[in-house]
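Notes for the structure review
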Amino acid sequence: MDRIRIGLVGIGKIARDQHLPALNQGGDFDLAATASRNGRVDGVEAHETVDALIAARPDIAAISLCTPPAGRFEQAMAAIAAGRHVMLEKPPAATVSEAEALAEAARAKGVTLFATWHSREAAEVDAARGWLADKAIRAVRIMWREDIRQWHPGQDWILAPGGFGVFDPGINALSIATRILPDPLVVLSAELAIPENRACPIAATIAMRCGTAPVAVDFDFLQTGDQTWDIEVDTDAGTLYLRNGGSRLELPGAEPMQGPNAEYPRLYARFAELIRNGESDVDLRPLRLVADAFLTGQPTPAPAFEF
Ligand code: NAP
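Reading the values: rules and limits
- Residues numbered from 1 in each chain as written.
- Predicted model: local features only at pLDDT ≥ 70, side-chain atom pairs only at ≥ 80, totals over all residues.
- Heavy atoms only, no water.
- Domains from an automatic or database assignment.
- Contact = heavy atoms within 4.5 Å.
- Buried area = accessible area lost by both parts, 1.4 Å probe.
- Salt bridge = Lys/Arg side-chain N within 4 Å of Asp/Glu carboxyl O.
- Nonpolar A, V, L, I, M, F, W, Y, C, P; charged D, E, K, R; others polar.
- Near = heavy atom within 4 Å.
- Polar contact = N/O pair within 3.5 Å; in protein donor to acceptor, adjacent residues only side chain to side chain.
- Areas by Shrake-Rupley, 256 points an atom, 1.4 Å probe, with all protein chains shown as cover.
- Axes fitted to C-alpha atoms, helices over the stretch in contact; angles between N-to-C directions.
- Helix = DSSP H or I, 4+ residues; strand = E, 2+ residues; numbered from the N terminus.
- Parallel < 35°, antiparallel > 145°, perpendicular 65-115°, else oblique.
- Left-handed = near helix turned anticlockwise from the far one by under 90°.
- Phe/Tyr/Trp six-rings, centres within 6.5 Å; stacked < 30°, edge-to-face > 60°.
- Buried < 20%, exposed > 50% of the residue type's maximum accessible area, 1.4 Å probe, protein only.
- Pairing = 2+ DSSP bridges.
- UniProt positions renumbered as here; feature names shortened; annotations may be inferred.
- Core = buried A, V, L, I, M, F, W, Y, C linked by side-chain atoms within 4.5 Å.

Going by an unreviewed UniProt entry, the protein chain carries the name Galactose 1-dehydrogenase and comes from Sphingomonas turrisvirgatae.

Printed below as a string of structure tokens:
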């Protein structure tokens, strides 16, 4: 099939770290233009807004949005209304209702909407899912602790309303958990530590259930030194350890497995496949769990935070 011209929107950290390298690997897409208020990519036609890109380039069939979640809804709606296929960074929108409206708009327009969850493409997630499929789950522990200053330097938006706070990385853990665990996750309660000068949590604990098994979730944005992106699942056949964001798997009685990182090339290959098949992929379960944590969450004051 013909190659697909794509526009990349929001030229910030993740666009540069992951999207550009993935697009430059020579998959199904040709990067034809960018839209960003300040960011530019050398040698690529640049626009300041999605609307300008859409108006200038009717030949661009697909748009990939790497802007923060708050404000992405209008950009995605404009692209869908113009008949373009749309790929969304995670979290897919600032609210569940926005994400559902995008899915409905894409359906009505007959274009592809792909709400990506890059952590689901980590090397050992599928193997973990396969191993758990026929096990009885006894307990689950999810620990996602990283250094906000290292991974989100100066990103004030992440602690502003609609920025998700520690749930911005935490939703990656929930995207893996909803993929590998055989039963739905249900939120029971949450505690949200919110800095006195910010709107969103800098740390959170959530109590959930998976079937009858307790699920303990610990998210922290202030971990320095070693970073922790681990999920542990106690089963009737021993404990599964999925570490390093899904890239390392330790199973009872087996050598650890660790595959290479190909998360973003896999996302773009899937986007091309969805476009070819005339399909969308919008799984909002991780976003709903975050919304439920905010709905049930007990706020607790935390010291002011500055980058
Ligand atoms: P970022 O570095 O702040 O980049 C986002 C870019 O979007 C900015 O550089 C900015 O470019 C543009 N933008 C448009 N409206 C904006 C607004 N109201 N506030 C701030 N920037 C705005 O953020 P990022 O880390 O790339 O994250 C973007 C998305 O990728 C988020 O949904 C995040 O969850 C996801 N993500 C991030 C990482 C990571 O490690 N950082 C990993 C995976 C996924 P202009 O100024 O040029 O418009």
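Focus: the domain arrangement of the protein chain
Domain annotation for the protein chain reports domain 1 (4–115) and domain 2 (120–255 + 291–302). For domain 1 and domain 2, the distance between their C-alpha centres works out to 27 Å. Contacts between the two partners involve nine residues from domain 1 and, on the opposite side, twelve residues from domain 2. For the pairing of domain 1 and domain 2, the buried interface totals around 750 Å² over both sides, and the portion due to carbon and sulfur atoms is 70%. Here domain 1 and domain 2 share one salt bridge between them. Salt-bridge contacts for D168 lead to K90; the nearest nitrogen and oxygen are separated by 3.3 Å. Residue composition of the side of domain 1 that touches domain 2, by class: seven nonpolar, no polar and two charged.

Things to note about the site of the ligand
The full set close to the ligand counts 24 residues, and S36, N38, G39, R72 and D168 are the nearest of them. W157 places a polar side-chain atom, nitrogen or oxygen, 2.9 Å from an oxygen atom of the ligand. Bound to the protein, the ligand loses 81% of the 860 Å² it would expose on its own. A per-class count over the shell around the ligand returns nine nonpolar, nine polar and six charged. Shared between two domains, the shell around the ligand holds at least three residues of each, these being domain 1 (4–115) and domain 2 (120–255 + 291–302).

A closer look at the packing of helix α1 (residues 13–23) against helix α8 (residues 263–277)
Here α1 crosses α8 at 60°, and the two axes come no closer than 8 Å. Between α1 and α8, the interaxial angle falls into the category oblique. Once α1 is placed against α8, the crossing between them reads as right-handed. Residue-level inspection shows I14, Q18, H19, A22 and L23 of α1 in contact with α8, the latter providing Y264, P265 and Y268. Its residues assigned to classes, the contact of α1 with α8 shows six nonpolar, two polar and no charged.

Things to note about the packing of aromatic side chains
Centre distance and the angle of the planes are the two values used to describe a pair of aromatic rings. On inspection of all chains with the given rule, the structure shows seven aromatic pairs. With 5.7 Å between their ring centres and 70° between their planes, F29 and Y268 make a pair best called edge-to-face. With a gap of 239 residues between them, F29 in strand β2 (residues 29–35) and Y268 in helix α8 connect regions that are remote in the sequence. Given a relative accessible area of 4%, F29 falls into the buried group.

Quick look at the pattern of salt bridges
All chains considered together, the criterion is met by 24 salt bridges. Its salt-bridge partner being E250, residue R243 comes within 3.1 Å of it at the nearest N-O pair. Residues joined in a network through salt bridges with shared partners are R5, E45, R57 and D59.

Regarding the sheet that holds strand β1 (residues 4–9)
Pairing within the open sheet is parallel, and its six strands lie in the order β3-β2-β1-β4-β5-β6. Lying at the two open borders of the sheet, with one neighbouring strand each, are β3 (46–47) and β6 (113–115). Bridge count for strand β5 (residues 85–88) against β6 is three bridges, and the pairing is parallel. The partner of V86 across the bridge, within β6, is L113. Against the sheet, helix α3 (residues 72–81) touches β1, β4 (62–65), β5 and β6, its axis set at about 160° to β5. In this fold α8 packs onto β1, β2, β4, β5 and β6, with an angle of close to 150° to the strand it touches most, β5.

Here's the deal with the UniProt feature "domain: Gfo/Idh/MocA-like oxidoreductase N-terminal" (unreviewed entry) in the protein chain
Mapped onto the present numbering, the UniProt feature "domain: Gfo/Idh/MocA-like oxidoreductase N-terminal" (unreviewed entry) falls on residues 4–114. Along residues 4–114, the helical share is 38% and the strand share 23%, with 15 Å between the first and last C-alpha atoms.

A short note on the environment of P91
Here P91 lies in the loop between β5 and α4 (96–109). Sequence spacing of P91 and G163 is 72 residues, and the spatial spacing of their C-alpha atoms is 9.5 Å.

Comments concerning the nonpolar core
In terms of nonpolar packing, the biggest core is built from 56 residues, with I142, F167, L181 and F219 touching the most fellow members. Top element by residues in this core is helix α7 (residues 167–180). It accounts for seven residues. Domain assignment of the residues forming this core places at least three in each of domain 1 (4–115) and domain 2 (120–255 + 291–302). The contact partners of L181, leaving out residues within four places of it in the chain, are L132, I137, V140, C210 and V233.

So, the packing of helix α5 (residues 125–132) against α7
The geometry of α5 relative to α7 is characterised by a closest axis approach of 8 Å and an angle of 40° between their N-to-C directions. When the interaxial angle is binned, α5 and α7 end up oblique. Contacts between α5 and α7 involve V125, D126, A128, R129 and L132 from the former and I176, R179 and I180 from the latter.

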